[in-house]
6 protein chains.
Amino acid sequence: MTTDEAQAAVRRSPLVIIPVGAQEQHGGGMAMATDTVRAVGVADRVAERLAGRAVVAPVVPYGVSPHHMAFAGTVSLSPATFMNVLRDVIASLRAHGWRQFLVLTGHGGNNAALSVLAQEYVREELTFAWTPITSVVSDLIVDVSEVHGHAGEAETAQMLYLAPQLVQADRLEPGATTLDELTTPARLSRQARGPRLSVGFDAYHKRGVLGDPRRATADDGRLLVETAADRIAAFADELLSA
Amino acid sequence: MTTDEAQAAVRRSPLVIIPVGAQEQHGGGMAMATDTVRAVGVADRVAERLAGRAVVAPVVPYGVSPHHMAFAGTVSLSPATFMNVLRDVIASLRAHGWRQFLVLTGHGGNNAALSVLAQEYVREELTFAWTPITSVVSDLIVDVSEVHGHAGEAETAQMLYLAPQLVQADRLEPGATTLDELTTPARLSRQARGPRLSVGFDAYHKRGVLGDPRRATADDGRLLVETAADRIAAFADELLSA
Amino acid sequence: MTTDEAQAAVRRSPLVIIPVGAQEQHGGGMAMATDTVRAVGVADRVAERLAGRAVVAPVVPYGVSPHHMAFAGTVSLSPATFMNVLRDVIASLRAHGWRQFLVLTGHGGNNAALSVLAQEYVREELTFAWTPITSVVSDLIVDVSEVHGHAGEAETAQMLYLAPQLVQADRLEPGATTLDELTTPARLSRQARGPRLSVGFDAYHKRGVLGDPRRATADDGRLLVETAADRIAAFADELLSA
Amino acid sequence: MTTDEAQAAVRRSPLVIIPVGAQEQHGGGMAMATDTVRAVGVADRVAERLAGRAVVAPVVPYGVSPHHMAFAGTVSLSPATFMNVLRDVIASLRAHGWRQFLVLTGHGGNNAALSVLAQEYVREELTFAWTPITSVVSDLIVDVSEVHGHAGEAETAQMLYLAPQLVQADRLEPGATTLDELTTPARLSRQARGPRLSVGFDAYHKRGVLGDPRRATADDGRLLVETAADRIAAFADELLSA
Amino acid sequence: MTTDEAQAAVRRSPLVIIPVGAQEQHGGGMAMATDTVRAVGVADRVAERLAGRAVVAPVVPYGVSPHHMAFAGTVSLSPATFMNVLRDVIASLRAHGWRQFLVLTGHGGNNAALSVLAQEYVREELTFAWTPITSVVSDLIVDVSEVHGHAGEAETAQMLYLAPQLVQADRLEPGATTLDELTTPARLSRQARGPRLSVGFDAYHKRGVLGDPRRATADDGRLLVETAADRIAAFADELLSA
Amino acid sequence: MTTDEAQAAVRRSPLVIIPVGAQEQHGGGMAMATDTVRAVGVADRVAERLAGRAVVAPVVPYGVSPHHMAFAGTVSLSPATFMNVLRDVIASLRAHGWRQFLVLTGHGGNNAALSVLAQEYVREELTFAWTPITSVVSDLIVDVSEVHGHAGEAETAQMLYLAPQLVQADRLEPGATTLDELTTPARLSRQARGPRLSVGFDAYHKRGVLGDPRRATADDGRLLVETAADRIAAFADELLSA
């Protein structure tokens, strides 16, 4: 996109989708850029569904990943840095006239910082929405391990659909799959209701994986990715029409 | 508590419960200190159930409340300030030997900042857990308005049980109770699944109330408060035994 | 106070009194919350004397107490955090229309940060006044040890009057009472005129107490508390009439 | 790259190349991502020449671009935010064992912040080197306008070589090409020696372009890109061998 | 002083005196650098009396002066900036081995920030003392206006003694001299005991002067300056001997 | 300068020259204040040439000097602190009406921070120019060592002209003078073109000197100082006339 195209987009495409990812371990078989790839993949699909009413900003390829720092190669921005990147990006685009922003995160570790940002913007004359990917389609994640999540069935399926060249199928291996095998703090951290506890992913499993990625298929991935795009686009459509 | 008692408590009571509240509008009939009162009420009950294994720190009476700033008297700490208060409190207590902390918030607006803090502590040699009150017992909140929450049935019930003198029954009045009456952004912000959107509480209803507080009873409040205390204490007990 | 009452108070009660305290050692016989209790006690009395022209905000129960960190249970906010809490509280109340603020501190360790804040507000369209308690009535503190102050005669007297249940009379014990018993740095730090030096309270006495709290009486406390309230209210009255 | 590959790379590939770019106007014919694309293009070529002794981190796609904010679509991180991103990335990689970092910037606006970072690291046990692209081969930029630079001959040539699909040849147009046409401040800011003055790029030309991009060829671009990669790789080789 | 002389001084001269001043209005007849000049003048005299046991650092010529910003030429550092300058200076000198610091301020507006710094250093392994000039000899200031202080009798006397060339005697003019002529806030701010209130110096008098500088003599200045140096040196001597 | 003179200067002298220096090692024979002295010396000469159209602010006597911290007595402000000092000075003077600022640095270590500041001001309604001294006249530095610079021929010459009493001629001694004697990182850091690397000055030579200061003469110094003043004044003159 050139500056002239941007100039035209301010009016035609009032929504800016900002994908944010992470550079962090995703087990032995998936690229550390997994969350970045998924964020971009879904962002592009959402924009396509919005048929010109949205533009996609360059992806922020680093996220908040302290819980993965036990694994080599993981990069973690502090929540403050991560928020400042988004504050600066939004302030810049706001100066050009945009007022509606949707941050699409491929990484759950970014959720807390995004929630804080959402609070800061609540009194401003702009719309700041944000969304994870997988939890938007959590009802479609079935027939998986009791414990599942990071680098597990759903994330692997999405990657098999979006970027199969970044999945080394022969290196996929199961991580923690049952609550019974977890230590007490790790198990407490997985409770749906009740007090919240955060643990490093090495506390779940020596490979930092939740679930069994070998069970993932590209077909499952298509369902998750395309449905997430459908739902997020529907949300954006309502917002744009409001 | 004196300094000598604190000295003894470092070993006997390895868990510090830090209640945090808010000073914000709670409709026409409830004190702005409602979340503070509830946080202290539950914190004390949890400590009691833990029979000496926990101490309760002085309550932080201000929280993160930008979404209520349209209503007079509301005070909002920035997320950064709120986090720094907790960082300093925890650093101080850590210097005295404590290693386990449970922040108990009466105000949902504090959740995002607490989630960020939890991430920061994940790599430290300490346990940082946190919990809201009402969502811990959300399964017990039945027979309420379609839209309910802030200053609604459940919060009012808790106050009728914990501090009836701070409830002016004749001034309780219903706020937004159905999705249909909400504007699009307000309705989108109430979706359980899907993208997250934050709106000021004046966008829900001119009185900033969600639900019908007139339906609350002290009996309902007892159930919510005592069950929340049971569940949080059970969590803490597991943690302390780990 | 409800939000409606706050709305009415903006005009009727143009002065906000913000009590700030501390959570810090006060010797073997007094609660760590001593400064918080005293700040609230005097704040309420000042407001009462002002007959509706002032409201009292929730107390900030933590202060700047690095010099007491050698004693278990002490919590110290950094000066920056402490100032940010007050900045946020004042900015919030200012947004609702208040323009006059009086911070009443029960803890001398907060004075420096309050002085800095006062400088910041000097160019703003608001009145920021602040006051300690004991030094306002220092002329009434007679017949005390040569060295006296923290957790000594005057503070204990105030607590015996305001909250006798928080004083364990049998655990009161004298601390440093004469200049001769002090080390050179400790003695230099007590000079009324001349260069200023700060030392930790463990440098004064192993119990961190200055003076002999056993000599305190509730009658002395009444005199100090009520006179302080008189004088601070007289100041506020002048300010409000200006 | 997976976490296992990263684990192996810590020893085999002791140098991390971090490309940083910008999202900013590049005239009517080039993508706003031009500096990002060039940074990645050269970084990959340098790594290739180092034959396994270096890894390339994900590119930072936003830079410090206040001087382009007059043009739609430009995003500018504050220098503080930009530096914090790099501080966090480097701290993370350092935790995994890396000690040598080379930041390769496609955008001159990042130079000042990189110089500050270099000063901060000078007392640390790590090597922090950084380099622009074009100025490394400035001796090869000949036969260009008197005024040239941003979005001009050299940058366009590089893009025609690296990513011709991002250049809209028919929209390339000359910007400021002679000192005479500049205002006094703009002219003063172009002096090679003497006091430094920064001006917005709209002060140079209404299109923010310096030089005549129509004169650029892919062949020129190949020379610049490949020679820059040669020289930077030679530098890195010396460093790695030291 | 060269680096070699500094190297030798770390052991021989364990005390560093850091003079800090201000650049702010001092009425019609005195230089804005008055507080800087006085700080250096007294610092040099204190060092001389300590006979080689102290070194004097370069003066910080800007201070915290928001209350003088109504007057042209005044420069005010924020308290945070001012404190950071001293933190950095002290951290640097500490790295070279110094452990004892005495900040000597010619400007009362710096006192609050210095008090905060003193609190921060109380738990560090270093001695941080600080001192104003005039208040150290306040008992010697007699026969002056009821209201006196900034740019008044005592400061002018010191300047007549230390740097008469910076005093334009024919431009000295009286400012506020009696409490009666002050507005209520201005008068309240001058109370010795009781709540503290800060006002801009334009609230005292249109020329920002307190007292009558025409009454000052160089002889009075000698007494104040030399006695202040005596007393501060005596304090430093005790500290160094401890 | 008094406040009244400042008031008059806002219109008559629209340019403020702010000299900034450093307190850092300059070899065995020159004062640590060398850069401060040179900054003031040139600033005064520039102002003189501008014949009343510029005023000179008090010098900032500390700079960014981490690369000299291996040598006793060196003081280094962090880049953030250094920038905040200038931000506060400029904000203050701006409040009084000044809009044009020229920072003149005697120390190259300040360049990076000044470049960042220049970026920040590019979108403000003010002129922020800055300049080093020696590099403005680099074409006049001839017949010197292959390696030269800090505390070498040119700086010493300037000091012999400006402040000979601060040069101990018998203690001047050569430092690193040829590229051959440097370690690889030190040599790489001296390349004119190519990647940038910063090293501590102890990595160049055990005395931290670049070049041979014994070859310096006061006559050389006069040429450098007076020509630098000429050129900077010519720049300022153009700027003021624009």
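Conventions used here
Residues numbered from 1 in each chain as written. Chains lettered and ligands numbered in written order. Predicted model: local features only at pLDDT ≥ 70, side-chain atom pairs only at ≥ 80, totals over all residues. Heavy atoms only, no water. UniProt positions renumbered as here; feature names shortened; annotations may be inferred. Helix = DSSP H or I, 4+ residues; strand = E, 2+ residues; numbered from the N terminus. Rg over C-alpha atoms; globule rule 2.2 N^0.38 Å. Buried < 20%, exposed > 50% of the residue type's maximum accessible area, 1.4 Å probe, protein only. Areas by Shrake-Rupley, 256 points an atom, 1.4 Å probe, with all protein chains shown as cover. Contact = heavy atoms within 4.5 Å. Buried area = accessible area lost by both parts, 1.4 Å probe. Salt bridge = Lys/Arg side-chain N within 4 Å of Asp/Glu carboxyl O. Polar contact = N/O pair within 3.5 Å; in protein donor to acceptor, adjacent residues only side chain to side chain. Pairing = 2+ DSSP bridges. Right-handed = clockwise from strand over helix to strand, strands pointing away. Axes fitted to C-alpha atoms, helices over the stretch in contact; angles between N-to-C directions. Parallel < 35°, antiparallel > 145°, perpendicular 65-115°, else oblique. Nonpolar A, V, L, I, M, F, W, Y, C, P; charged D, E, K, R; others polar. Least-squares fit on C-alpha atoms with pLDDT ≥ 70 in both. Arc of directions from axis to C-beta. Phe/Tyr/Trp six-rings, centres within 6.5 Å; stacked < 30°, edge-to-face > 60°. Lys NZ or Arg CZ within 6 Å of the ring centre and 35° of its normal.

- Going by what an unreviewed UniProt entry lists, chain A is known as Creatininase family protein and is assigned to Kribbella turkmenica.
- In UniProt, chain A has this text filed under Sequence similarities (unreviewed entry): "Belongs to the creatininase superfamily."
- A UniProt comment under Cofactor (unreviewed entry) is attached to chain A, and it reads "Zn(2+)".

**Digging into the overall build of chain A**
Phase 1 of the analysis: Of regular secondary structure, chain A possesses seven helices and five strands.
Phase 2 of the analysis: Ordered by position from N to C terminus, the α and β elements of chain A give α-β-α-β-α-β-α-β-α-α-β-α.
Phase 3 of the analysis: For chain A, the C-alpha radius of gyration of 18 Å lies close to 18 Å, the compact-globule estimate for 242 residues.
Phase 4 of the analysis: Principal-axis analysis of the C-alpha atoms gives chain A an extent of 55 × 35 × 30 Å.
Phase 5 of the analysis: Each of the 242 residues in chain A was classed as buried or not, and the buried ones make up 62%.
Phase 6 of the analysis: In the structure as shown, chain A presents an accessible area of about 8400 Å², 47% of it carried by carbon and sulfur atoms.

**Focus on the interface of chain D and chain A**
Phase 1 of the analysis: Tallying the contact residues gives 42 residues for chain D and 42 residues for chain A.
Phase 2 of the analysis: Taking both partners together, chain D and chain A bury about 3200 Å²; carbon and sulfur atoms supply 59% of that area.
Phase 3 of the analysis: The largest per-residue losses of area from chain D upon contact with chain A belong to T3(D), Y62(D) and H96(D), which jointly make up 18% of the total buried on that side.
Phase 4 of the analysis: Here chain D and chain A share two salt bridges between them.
Phase 5 of the analysis: Residue D4(A) is joined to R207(D) by a salt bridge in which the shortest nitrogen-to-oxygen separation is 2.6 Å.

**Notes on the interface of chain B and chain C**
Phase 1 of the analysis: With 42 residues of chain B at the contact, the number on the chain C side is 42 residues.
Phase 2 of the analysis: Taking both sides of the interface into account, the surface hidden between chain B and chain C amounts to around 3200 Å²; carbon and sulfur atoms contribute 59%.
Phase 3 of the analysis: Applying the counting rule to chain B against chain C returns two salt bridges.
Phase 4 of the analysis: Taken together, chain B and chain C are joined by 20 residue pairs in polar contact (both at pLDDT 80 or more).
Phase 5 of the analysis: When contributions to the side of chain B that touches chain C are tallied by element, the ones reaching two or more residues are α1 (3–12) and α3 (79–95) of chain B.
Phase 6 of the analysis: By residue number, the principal contributor to the side of chain B that touches chain C is α3(B), which donates eight residues.

**Quick notes on the pairing of strand β3 (residues 100–105) of chain E**
Residue and element names in this part refer to chain E.
Phase 1 of the analysis: Of all six residues in β3, six are buried, a share of seventy percent or more.
Phase 2 of the analysis: Across the two faces of β3 the burial is the same, with Q100, L102 and L104 and F101, V103 and T105 all buried.
Phase 3 of the analysis: Of the pairings in the sheet, the one linking strand β1 (residues 15–20) to β3 comprises six bridges and is parallel in character. By the bridge assignment for β3, P19 is matched with L104.
Phase 4 of the analysis: Strand direction decides the pairing type here: β3 and strand β4 (residues 127–132), joined by six bridges, are parallel. When the bridges of β4 are listed, Q100 appears paired with T127.
Phase 5 of the analysis: As a crossover connection, the stretch from β3 through helix α4 (residues 111–121) into β4 is right-handed.

**Let's talk about the packing of helix α5 (residues 153–162) of chain C against helix α7 (residues 218–241) of chain C**
Residues and elements named next belong to chain C.
Phase 1 of the analysis: Where α5 meets α7, the closest approach of the two axes is 7 Å, and the angle between their N-to-C directions is 95 degrees. In terms of their interaxial angle, α5 and α7 are classed as roughly perpendicular. Where α5 approaches α7, its residues A154, A157, Q158, L160, Y161 and L162 are matched on the opposing element by A218, D220, G221, R222, L224, V225 and E226.
Phase 2 of the analysis: Within the contact of α5 with α7, the residues separate by chemical class into eight nonpolar, two polar and three charged.

**Observations regarding the relation of the copies chain D and chain A**
Phase 1 of the analysis: Overlaying chain D on chain A yields an RMSD of 0.0 Å, the required transformation being a rotation through 180 degrees with an accompanying axial translation of 0.0 Å. What the rotation and shift describe, once combined, is the action of a two-fold rotation axis. By C-alpha distance to the rotation axis, the residue of chain D lying nearest is T81(D), at 3.2 Å.
Phase 2 of the analysis: Interface overlap between copies: 100% of the residues of chain D at the interface are likewise at the interface in chain A, consistent with a symmetric, same-surface contact.

**Some thoughts on α1(B)**
Residues and elements named next belong to chain B.
Phase 1 of the analysis: Here α1 has its buried residues at T3, A6, A9 and V10. When α1 is viewed along its axis, its buried side chains cluster within an angular range of 110 degrees and face the same direction. Of the residues in α1, the exposed ones pointing more than 90 degrees away from the buried face are R11 and R12.
Phase 2 of the analysis: In this structure, the buried side of α1 is in contact with β2 (54–56).

**As for the sheet that holds strand β4 (residues 127–132) of chain A**
Phase 1 of the analysis: Spatial ordering of the open sheet is given by β2(A)-β1(A)-β3(A)-β4(A)-β5(B), a layout of five strands whose pairing is mixed. Here the strands that pair on one side only, and so sit at the sheet edges, are β2 (54–56) of chain A together with β5 (196–197) of chain B.
Phase 2 of the analysis: As paired elements, β4(A) and β5(B) share two bridges and run antiparallel to each other. Residue pairing in the sheet places W130(A) in a bridge with R196(B) of β5(B).
Phase 3 of the analysis: Of the strands in this sheet, β3 (100–105) and β4 of chain A touch helix α4 (residues 111–121) of chain A, which is tilted by about 165 degrees from β4(A).
Phase 4 of the analysis: Along the sheet, helix α7 (residues 218–241) of chain A makes contact with β1 (15–20), β3 and β4 of chain A together with β5 of chain B, crossing β4(A) at roughly 170 degrees.

**Some points on the relation of the copies chain B and chain C**
Phase 1 of the analysis: Mapping chain B onto chain C calls for a rotation angle of 180 degrees and an axial translation of 0.0 Å; the resulting RMSD is 0.0 Å.
Phase 2 of the analysis: Looking at the interface residues of chain B, 100% of them are also at the interface in chain C, so both copies use one shared face.

**Re the arrangement of the chains**
Phase 1 of the analysis: Structurally, chain A and chain E remain out of contact, their C-alpha atoms never closer than 20 Å.
Phase 2 of the analysis: When C-alpha atoms are compared, chain B and chain F, though not in contact, are closest at a spacing of 20 Å.

**Topic: the sheet that holds strand β5 (residues 196–197) of chain E**
Phase 1 of the analysis: Across the sheet, five strands lie side by side as β2(C)-β1(C)-β3(C)-β4(C)-β5(E); this open sheet has mixed pairing. Two strands lie at the open edges of the sheet, namely β2 (54–56) of chain C together with β5 of chain E, each paired on one side alone.
Phase 2 of the analysis: Sheet strands touched by helix α3 (residues 79–96) of chain C: β1 (15–20), β3 (100–105) and β4 (127–132) of chain C. Its angle to β1(C), the strand with the most contacts, is close to 160 degrees.

**Topic: unusual backbone geometry**
All names here are of chain F.
Phase 1 of the analysis: For A51, which is not glycine, the phi torsion reads 50 degrees and is therefore positive.
Phase 2 of the analysis: Position of A51 among the secondary structure elements: in the loop between α2 (34–49) and β2 (54–56).
Phase 3 of the analysis: Overall, the relative accessible area of 65% leaves A51 in the exposed class.
Phase 4 of the analysis: Residues other than glycine seldom take positive phi values, yet A151 does so here, at roughly 60 degrees.
Phase 5 of the analysis: For A151, the location among the structural elements is in the loop between β4 (127–132) and α5 (153–162).

**Overview of the packing of aromatic side chains**
Phase 1 of the analysis: Scanning the model with the defined rule gives 12 aromatic pairs over all chains in all.
Phase 2 of the analysis: Ring geometry for F201(D) against Y204(D): centres 5.0 Å apart, planes inclined by 75 degrees, an arrangement best described as edge-to-face.
Phase 3 of the analysis: Residue F201(D) is classed as buried on the basis of its relative accessible area, which comes to 10%.
Phase 4 of the analysis: Across from the ring centre of Y204(A), 5.7 Å away, lies the NZ or CZ of R190(A), which sits over that ring.

**Notes on the environment of N111(D)**
Residue and element names in this part refer to chain D.
Phase 1 of the analysis: For N111, the position within the fold is in helix α4 (residues 111–121).
Phase 2 of the analysis: Separated by 19 residues in sequence, N111 and W130 have C-alpha atoms that sit 8.6 Å apart.
Phase 3 of the analysis: When sequence neighbours within four positions are dropped, the list of residues in contact with N111 reads T105, W130 and P132.

**Looking at the environment of D4(D)**
Phase 1 of the analysis: For D4(D), the position within the fold is in helix α1 (residues 3–12).
Phase 2 of the analysis: Overall, the relative accessible area of 31% leaves D4(D) in the partly exposed class.
Phase 3 of the analysis: Sequence-distant contacts of D4(D), that is, excluding residues within four places in its chain, are made with G28(A) and R207(A).

**A few points about the pattern of salt bridges**
Phase 1 of the analysis: The tally for this structure, following the rule as stated, stands at 96 salt bridges over all chains.
Phase 2 of the analysis: A salt bridge links R207(B) to E173(B); the nearest nitrogen and oxygen atoms lie 2.5 Å apart. Note that R207(B) is positioned in the loop between β5 and α7 (218–241) and E173(B) in the loop between α5 (153–162) and α6 (184–188), a separation of 34 residues in sequence.
Phase 3 of the analysis: In this structure, R94(F) engages E124(F) in a salt bridge whose closest nitrogen and oxygen atoms are separated by 3.1 Å.

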